[in-house]
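This is what each chain is made of:
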Amino acid sequence: MNTAFMQIQDDKIIFDKNQLIMYAAIAATVVVIILVITIAAKTRRKNFIKTVPTKLKDEV
C-alpha cells in the first residue's frame, strides 16, 4: 500500500511528515472551532441583562 501519506517498505511503515503535520493542524483547528461554538452556545443561553430597570416611565 503506497500512498502519498503512507508507504510500506519491507517491514517499515513510513509516514510523510509534512502531510502528518498538516492533518494534525487541521484536526486541531476543527477541535478549537467546535470548542468555540460550544462555549458560545452555552454563554448565549445565559441572561446577559442582569438588572431590570425599575423606572420605565419618562420623567418630564
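Note that the coordinates shown come from a computational prediction; the quantities given were computed from them, not determined experimentally. Along every chain, residues carry numbers that run from 1 in the direction the sequence is written. Confidence filtering applies because this is a predicted model: local features only for residues at pLDDT of at least 70, side-chain atom pairs given and counted only at 80 or more, and all residues used for totals across whole chains, interfaces and linings. Calculated side-chain values reflect all of the structure's heavy atoms, with hydrogen atoms and water omitted.

Helical segments are the DSSP runs of H or I of at least four residues, strand segments are the runs of E of at least two, and each set is numbered from the N terminus. When helices and strands are counted, the chain shows 1 helix and 2 strands. Starting at the N terminus and walking to the C terminus, you meet the elements of the chain as β-β-α. Relative accessibility under 20% of the residue-type maximum defines a buried residue, over 50% an exposed one, and the middle range a partly exposed one, all with a 1.4 Å probe and only protein chains included. Across the 60 residues in the chain, those meeting the buried criterion constitute 2%. Each accessible area value is a Shrake-Rupley result obtained with a 1.4 Å probe; residue values ignore everything except the protein chains displayed when judging cover. Summed over its atoms, the accessible surface of the chain is roughly 6,200 Å², and 65% of this surface lies on carbon and sulfur atoms.

Taken together, Met22, Tyr23, Ile26, Val30 and Ile34 make up a surface patch of nonpolar side chains, about 460 Å² in accessible area. Within the fold, Ile34 resides in helix α1 (residues 17-45). Residues forming no salt bridge and having over 30% relative accessible area are the ones grouped into patches, like charges within 9 Å of each other and nonpolar side chains (Val, Leu, Ile, Met, Phe, Trp, Tyr) within 5 Å. We count a salt bridge whenever a side-chain nitrogen from Lys or Arg sits within 4 Å of a carboxyl oxygen from Asp or Glu.

Let us look at the confidence of the model for the chain. Looking at the chain as a whole, the pLDDT averages 79, with 67% of positions reaching at least 70. Confidence scores differ between elements of the chain, with strand β1 (residues 6-9) showing the lowest mean pLDDT of 83 and α1 the highest of 90. Confidence of the prediction at every residue is given by pLDDT, a number between 0 and 100.

Any two strands are treated as partners once DSSP identifies two or more bridges connecting them. Bridge count for β1 against strand β2 (residues 12-15) is 4 bridges, and the pairing is antiparallel. Paired with Ile8 across the bridge in β2 is Ile13. Adjacent in sequence and paired antiparallel, β1 and β2 are bridged by 2 residues, among which Asp10 carries a positive phi angle near 55 degrees.

Below, the discussion takes up unusual backbone geometry. For residues besides glycine, phi is generally negative; the peptide bonds are generally trans as well. The phi dihedral of Asp10 falls on the positive side, at around 55 degrees, and the residue is not glycine. Within the fold, Asp10 resides in the loop between β1 and β2. With a relative accessible area of 79%, Asp10 lands in the exposed category.

Further remarks concern the environment of Phe15. Position of Phe15 among the secondary structure elements: in strand β2. C-alpha separation for the pair Phe15 and Ala4, spaced 11 residues apart in sequence, amounts to 8.5 Å.

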